[in-house]
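Coordinates in review
Read off the chains here:
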Amino acid sequence: MAKKKIPIKEKVRKGNEEYAKENCRILAGKDILCINLMSSPGAGKTTLIEVTREFFGDDYRIAVIEGDLAGNIDEKRLMKSGIPVVQINTVSMCHLNAYMVNEVLEDLPLDDADFIFIENIGNLVCPAGVPLGEDVRVVILAITEGDDKPAKYPVIFHDADAVVINKIDFLRFMDVDVASIEEQIKAINPDASIFKVSAINGDGIGEWADWLAMKKKEKA
Amino acid sequence: MHEVTVTQDILEKALDAAKVNNAKAITKIRIKVGDFTGFDPGCISFYFELMAKDTIAEGAVLEFEKIPLSLNCSACDLTFTPEDFPLSFACPACGNTRNRLVSGKELSVEDMEIDV
Ligand SMILES: Nc1nc2c(ncn2[C@@H]2O[C@H](COP(=O)(O)OP(=O)(O)OP(=O)(O)O)[C@@H](O)[C@H]2O)c(=O)[nH]1
Ligand SMILES: [Mg+2]
Ligand SMILES: [Zn+2]
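Report follows, based on the coordinates. (Residues numbered from 1 in each chain as written. Chains lettered and ligands numbered in written order. Predicted model: local features only at pLDDT ≥ 70, side-chain atom pairs only at ≥ 80, totals over all residues. Heavy atoms only, no water.)

So, the coordination of the zinc ion (ligand 3)
All names here are of chain B.
- Protein coordination of the zinc ion (ligand 3) is provided by Cys73 (SG), Cys76 (SG), Cys91 (SG) and Cys94 (SG), with donor distances spanning 2.3 to 2.4 Å.
- Here the zinc ion (ligand 3) is ringed by four donor atoms whose angles at the metal span 103 to 117°, and the overall shape comes out tetrahedral.
- Each donor residue of the zinc ion (ligand 3) lies on the same chain, and together they follow the pattern C-x2-C-x14-C-x2-C.
- Look at Cys91 and you get buried, because its relative accessible area is 4%. (Donors = N, O, S within 2.8 Å, 3.2 Å for Na, K, Ca; no water. Tetrahedral: all angles 85-135°; square planar, octahedral: opposite > 155°, others 65-115°. Buried < 20%, exposed > 50% of the residue type's maximum accessible area, 1.4 Å probe, protein only.)

Here's what the structure looks like:
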């Protein structure tokens, strides 16, 4: 038996990149801004989508791809608000990938949408490295998670276009240093837009919605 | 956990290349992994051992080349590896925090050794 060394030189997850590009291509012709929404479980992704849709009213139409390990709780929630939504179940996988998104993308009413939100799996680690074909990457951080998360999970913050600091209404009950959260984000990623909001009572949602509208104009 | 999918990808790439080269066994696979990917080589090796069972890659050694996180300062053009990563990405020369990623996000299968 002879030994032999063979070159491979191939990127791992090259397949994902190709599907991400394909998703981009599908959306490019549609005048849609696609948002990859990432956070730890329960930081308020679905609530932010609901309140954003409420804020937009008749100005913009949104559609949603929901990612969860199991079930369709969030899908049902959004359907109640009349939002077109498809649910992906990843079973055991800790992030969505571009192939999964590609499979359902055209089930959404792409000709009648201005924004597509992709609610990623609740996780501050794994979704960071897996592009889905989105235009903007948004990380939500709830102040109830504590004020050290950007420093502890830098990768996801480094690549974010915006960070939404949510549950600001909890400041009444909790001693959280929001200025420090902002400093940590800026140290890692000085160009990220930062919004302080309460998705429950609507505080700060105006600036966030304006930013989305601006990004959409920039793309078009 | 997310190492499962990349390990699957690594194994598939190795098995594909093995087939093309009529390999009887894969003995070593060389992988480049960037410090800024969040992928843990130990974790990849662990899953690989499970997944490669009963394939010709069973028992293959995974050899990792770690690529440091390297940034290029957009103010003074210095290329550097942040010292107290992950707490600061500031340029050690001028303190600027705007930068471009030069390396650290690599994940690739470089080459492998086979028995033919
Ligand atoms: N007080 C307060 N509660 C909030 C706020 N935003 C979300 N919540 C609550 O936090 C809980 C989780 O919110 P979700 O929107 O379901 O969070 P999620 O990130 O979609 O959660 P997963 O999809 O399970 O990862 C719910 O009970 C929300 O009502 C907020 O700004 N303030
Ligand atoms: Mg949700
Ligand atoms: Zn500098």
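What follows continues from the structure just given.
So, the site of ligand 1
All names here are of chain A.
- Lys45, Thr46, Thr47, Glu119 and Asp169 are the nearest of the 19 residues found near ligand 1.
- At 2.8 Å from an oxygen atom of ligand 1 is found a side-chain nitrogen or oxygen belonging to Thr46.
- Asp169 is positioned such that a nitrogen or oxygen atom in its side chain is 2.7 Å from a nitrogen atom of ligand 1.
- Within the complex, 73% of the 650 Å² of free accessible area of ligand 1 lies under protein.
- Counting only elements with at least two residues in the shell around ligand 1, the list comes to helix H2 (45-56) and helix H3 (73-80).
- If one sorts the elements of the shell around ligand 1 by residue count, H2 sits on top with three residues.
- Looking at the shell around ligand 1 residue by residue, the classes come out as five nonpolar, seven polar and seven charged. (Near = heavy atom within 4 Å. Polar contact = N/O pair within 3.5 Å; in protein donor to acceptor, adjacent residues only side chain to side chain. Areas by Shrake-Rupley, 256 points an atom, 1.4 Å probe, with all protein chains shown as cover. Helix = DSSP H or I, 4+ residues; strand = E, 2+ residues; numbered from the N terminus. Nonpolar A, V, L, I, M, F, W, Y, C, P; charged D, E, K, R; others polar.)

Structural notes on the environment of A:Cys94
- Checked against the element boundaries, A:Cys94 lands in the loop between strand S4 (85-89) and helix H4 (98-105).
- For A:Cys94 and A:Ile121, which are 27 residues apart along the polypeptide, the C-alpha to C-alpha distance reads 6.2 Å.

Description of the interface of chain B and chain A
- On the chain A side, the residues contacting the 32 residues of chain B number 30 residues.
- Surface buried jointly by chain B and chain A totals about 3000 Å² across both partners, of which 61% is contributed by carbon and sulfur atoms.
- Of all residues in chain B, B:His2, B:Lys13 and B:Val116 bury the most surface against chain A, accounting for 16% of the area lost on that side.
- Applying the counting rule to chain B against chain A returns five salt bridges.
- The residue A:Asp159 makes a salt bridge to B:Lys105 at a minimum N-O spacing of 2.3 Å.
- Here chain B and chain A share 13 residue pairs in polar contact (both at pLDDT 80 or more) between them.
- Taken together, the elements giving at least two residues each to the side of chain B that touches chain A come down to helix H1 (3-20), strand S5 (99-103) and strand S6 (107-115) of chain B.
- Broken down by element, the residue count for the side of chain B that touches chain A peaks at nine residues, all from S6(B).
- Grouping the amino acids of the side of chain B that touches chain A by side-chain chemistry returns 16 nonpolar, seven polar and nine charged. (Contact = heavy atoms within 4.5 Å. Buried area = accessible area lost by both parts, 1.4 Å probe. Salt bridge = Lys/Arg side-chain N within 4 Å of Asp/Glu carboxyl O.)

By themselves, these figures tell us nothing about what the structure is for.
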